[in-house]
Amino acid sequence: KLIMNLFPHQLQFIVDEFRGHVVEAAQNQMQSRVLERLFEYGTPMQTAGLAEEALRQAPLLLRHSFGNFVLQGVLDYGLPEHRSRLVRAIARDAERLARHKIASNTVRKALRSSAPADQEALV
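Below you will find a few notes about this structure. (Residues numbered from 1 in each chain as written. Predicted model: local features only at pLDDT ≥ 70, side-chain atom pairs only at ≥ 80, totals over all residues. Heavy atoms only, no water.)

### Some points on the environment of Glu95
Thought 1: Looking at the element boundaries, Glu95 is found in helix H8 (residues 94-99).
Thought 2: Note on Glu95: relative accessible area 55%, which makes it exposed.
Thought 3: Distance from Glu95 to Asn68, taken between C-alpha atoms, is 17 Å for residues 27 residues apart in sequence. (Helix = DSSP H or I, 4+ residues; strand = E, 2+ residues; numbered from the N terminus. Buried < 20%, exposed > 50% of the residue type's maximum accessible area, 1.4 Å probe, protein only.)

The following block contains the structure:
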């Protein structure tokens, strides 16, 4: 709840603490929720480094019960280039991910919220 009550510039110390630890944090129930809120309430430029780290391990996080929510945060609030990179990562294995119990949620969000060109890459 703290994150929701701070201005974006006041969140920087939290963003800084996650640098270099995003993949591990995304796989933890509580820390993944903090990352989700950072994407939601921070600025896209402020969270760009966090998105970069998460995207490097997108295949792992897409299938993870907490990590997939962090990637959905990238789709909802990330920079357009990060959204596109995530869609490309999904497109590489779209059929299998769409059938995966956990990953299918992120695939569905990508289909609904991505730019038209990115949506085409998924179908």
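### Focus: the side chain of Thr47
Thought 1: Topologically, Thr47 is positioned in the loop between helix H3 (29-41) and helix H4 (48-56).
Thought 2: On the basis of relative accessible area, Thr47 is assigned to the buried category, the value being 1%.
Thought 3: Here Thr47 is in contact with Leu38 and Phe39, once residues within four sequence places are set aside. (Contact = heavy atoms within 4.5 Å.)

### Some points on helix H9 (residues 103-113)
Thought 1: By the burial criterion, the buried members of H9 are Ala103, Ser104, Thr106, Val107 and Ala110. One side of H9 holds all its buried residues, which, seen down the axis, span an arc of 160°.
Thought 2: Along its buried surface, H9 packs onto helix H5 (58-62), helix H6 (67-77), helix H7 (80-91), H8 and helix H10 (116-122). (Arc of directions from axis to C-beta.)

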